[in-house]
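# Breakdown of the fold
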Amino acid sequence: MKIGIVGYQGSGKSTLFEWITGTPADPAQAHTAQMAMCQVPDPRVGELCKIYKPKKITQAALEIVDTPGLSRSHEGSAQRLAMIREAGCLVVVVSAWGGNNAAADLSNFDDDLLIADLDIMAGRVERLKDQVRRPRPNREELEQELAALEPLHAALEAGQPLREIQLTPEQKKATRSFQLFSEKPRLVVVNVADDETDVEQYQKLAPEGSKLVAVPLGIQLELTKMDAEERDEFCREMGIEMFDRDGLIRQIMDSSKQMLFFTAGEKEVRTWMIPQQCPAVEAAGSIHTDLARGFIRAEVITCDDMIRLGSEREVKAHNLARQEPKDYIIKDGDILNIRHN
């Protein structure tokens, strides 16, 4: 899944992109999009390495895309919005320093996205209404699609994002190809001033169904470029703290409705990223398609039990190792060993 960093020009999108990926923003790609991979850190990896002492460590990564900033005048917005649609999750960046009104920017940006969705939805609904008036072999199918879309069209007209609605299977099928912005999961990042001391005040800006983080992106990026000794001295003198960058990356992953499971042994300790509510057979397929085809069962140990007890032998001695079928729903932190033909 692509994670799209979105927002108005000058919001701090590219600063966030560089901070979490370590890849400097390329001015030559300012009007297209820039992509970089970002490893998802997890403190449990280090604990498992102490137990297994693996020869190799591999961590799952997010695909982060710095999309072109939208203009507040809406100039060129249609083309730039088209680039954002490919993202499966949005990280919306708004600026709260230098006289910028973060609340207004967030509201206006949401309106821009909702209007873009409404244009697509209204166009499809009108075409369907026209088509069902005429005799057609697939008229019943078109009527079902229209019945699924009309309530969603009404919701968008009323200013309600689709992420706030529990869509039926028919509605999900009808909207799947639209890649609607208001249906995508998201995280809001408020880019605050370097000397901001009251970041909690920005929590009230979080729209319903969205998580919000307030962070001074500029100074945090500069801190990562310093060596440890220089950074510590600078933080003491300025009375500032390093923000939990790793925690933010985890929040982005959580907001995208993905999670991690582990495979572990002497050869390798590895994290794998899968959608939340993923069954064991699909998790096996993410490791290798042959594991899904020949799936027999999943041997499951929770990471917490392994770290607490210190070895697979102790986990099994406490009867905490489980045998699970293909429809078992994987939980974050499960350690899997897939038995297969």
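Figured I'd write up the structure that's included with this text. What you are looking at is a predicted structure, and each value in this text was computed from that prediction instead of being measured. (Residues numbered from 1 in each chain as written. Predicted model: local features only at pLDDT ≥ 70, side-chain atom pairs only at ≥ 80, totals over all residues. Heavy atoms only, no water.)

### Considering the overall build of the protein
Heads up, the rule is: The secondary structure listing takes helices from DSSP runs of H or I that are at least 4 residues long and strands from runs of E that are at least 2 residues long, numbered from the N terminus. When accessible area is computed with a 1.4 Å probe and restricted to protein chains, residues below 20% of their type maximum are described as buried, those above 50% as exposed, and intermediate ones as partly exposed. Residue contacts are defined here by distance: any two heavy atoms, one from each residue, within 4.5 Å place the two residues in contact. All accessible areas in this document rest on Shrake-Rupley with a 1.4 Å probe, and a residue is counted as covered only by the protein chains that are shown. The sign given to each residue is positive for Lys and Arg and negative for Asp and Glu; His and the chain ends receive no count. To locate a charge, take NZ of a lysine, CZ of an arginine, CG of an aspartate or CD of a glutamate.
The helix and strand inventory of the protein stands at 13 helices and 12 strands. Overall, the protein is about 70 × 65 × 35 Å in size when its C-alpha atoms are taken along their principal axes. Buried residues in the protein amount to 45% of all 341 residues. Put simply, 68% of the contacts in the protein that link residues at least 6 apart link residues at least 24 apart. For the protein, the computed accessible surface area is about 17,800 Å², with 49% contributed by carbon and sulfur atoms. Counting 42 positive and 55 negative side-chain charges, the protein places the centres of these two groups 8 Å from one another.

### Let's talk about the environment of E196
Definition in use: In protein, a polar contact means a hydrogen-donor-capable atom and an acceptor-capable atom, both N or O and within 3.5 Å, with residues adjacent in sequence counting only if both atoms are side-chain atoms; elsewhere, any N or O pair within 3.5 Å suffices.
Among the structural elements, E196 can be located in the loop between strand 6 (186-191) and strand 7 (211-215). On the basis of relative accessible area, E196 is assigned to the partly exposed category, the value being 25%. Apart from the residues lying within four places of it in its own chain, the contact partners of E196 are Q201 and Y202. Within the local environment of E196, its side chain forms a polar contact with the backbone nitrogen of D198, the two atoms lying 3.0 Å apart.

### Section: the nonpolar core
Just so we agree on the cut-off: The set of buried Ala, Val, Leu, Ile, Met, Phe, Trp, Tyr and Cys residues whose side-chain atoms join them within 4.5 Å is what this entry labels a nonpolar core.
Core analysis: the biggest nonpolar cluster contains 27 residues, and L16, I20 and L62 have the highest contact counts within it. Not counting the four nearest positions on each side in its chain, L16 is found in contact with I5, V91, V93, V189, L217 and L248.

### Considerations on the side chain of R186
Looking at the secondary structure, you find R186 in strand 6. Engagement of the side chain of R186 in a polar contact is seen with the side chain of D110, the distance being 2.6 Å. Among the polar contacts made by the side chain of R186, one reaches the side chain of S210 at a distance of 2.9 Å. Those residues in contact with R186 that lie beyond four places of it in its chain are C89, L90, V92, D110, R163, P207, S210, K211 and S255.

### Points about the sheet that holds strand 4 (residues 61-66)
Applicable threshold: We treat two strands as partners when DSSP finds at least two bridges between them. Every angle, taken between N-to-C directions, lies between 0 and 180 degrees, and every axis is a line fitted to C-alpha atoms, over only the stretch in contact when it is a helix.
Strand order in the open sheet formed by six strands is 2-4-1-5-6-7, and the pairing between neighbours is mixed. Looking along the sheet, the strands with just one partner apiece sit at the ends: strand 2 (34-39) and strand 7. Pairwise comparison of adjacent strand axes, ignoring direction, gives a mean angle of 25° for this sheet. Sheet strands touched by helix 1 (residues 13-21): strand 1 (2-7), strand 2, strand 4, strand 5 (89-95), strand 6 and strand 7. Its angle to strand 2, the strand with the most contacts, is close to 40°. Along the sheet, helix 7 (residues 217-224) makes contact with strand 5, strand 6 and strand 7, crossing strand 6 at roughly 90°.

### Considerations on a negative patch on the surface
Basically, it comes down to this: Residues enter patches when their relative accessible area tops 30% and they take part in no salt bridge; the joining distance is 9 Å for like charges and 5 Å for the nonpolar side chains Val, Leu, Ile, Met, Phe, Trp and Tyr. Salt bridges are counted wherever a side-chain nitrogen of Lys or Arg sits within 4 Å of a carboxyl oxygen of Asp or Glu.
On the surface, D227, E229, E230, D232, E233 and E237 cluster together to form a negatively charged patch. Assignment of secondary structure puts E229 in helix 8 (residues 228-238). Using a relative accessible area of 66% as the deciding quantity, one classes E229 as exposed.

### Details of the pattern of salt bridges
A side chain of one charge can pair with a side chain of the opposite charge when the charged atoms of the two come close. Evaluated as defined, the whole model comprises 21 salt bridges. E86 serves as the salt-bridge partner of K2, at 3.1 Å between the closest nitrogen and oxygen. Of this pair, K2 sits in strand 1 while E86 sits in the loop between helix 3 (77-84) and strand 5; the two residues are 84 residues apart in sequence, bridging distant segments of the chain. D117 is the partner of R85 in a salt bridge, and the nearest nitrogen-oxygen pair spans 3.1 Å. On the criterion of sequence distance, the pair formed by R85 in the loop between helix 3 and strand 5 and D117 in helix 4 (residues 102-132) is long-range, its members being 32 residues apart. On the accessibility criterion, R85 (11% relative accessible area) is buried.

### Considerations on the packing of aromatic side chains
Definition in use: A pair of Phe, Tyr and Trp rings is counted when the ring centres sit within 6.5 Å of each other, with Trp represented by its six-membered ring. The angle between the planes then sorts it: under 30 degrees is stacked, over 60 is edge-to-face, the rest tilted. Look at NZ for Lys and CZ for Arg. If either is within 6 Å of the ring centre and within 35 degrees of the ring normal, a charge sits over the ring.
A full pass over the atoms with the stated rule returns three aromatic pairs. Ring geometry for Y8 against F109: centres 5.4 Å apart, planes inclined by 90°, an arrangement best described as edge-to-face. Of this pair, Y8 sits in the loop between strand 1 and helix 1 while F109 sits in helix 4, placing them 101 residues apart in sequence. There is no split in this pair, since Y8 and F109 are both buried. Geometry around F181 places R85 over its ring, the cationic atom sitting 4.0 Å from the centre. The positively charged end of R270 is found above the aromatic ring belonging to W272, 3.9 Å away from the centroid.

### Some points on the side chain of R80
The topology assignment puts R80 in helix 3. Here R80 falls in the buried class, since its relative accessible area comes to 14%. Polar contacts involving the side chain of R80 include one to the main-chain carbonyl oxygen of G69, which spans 2.5 Å. Leave out the neighbours within four places in its chain, and R80 touches Q9, H31, P68, G69 and L70.

Read these as layout, nothing more, since geometry by itself doesn't imply function.
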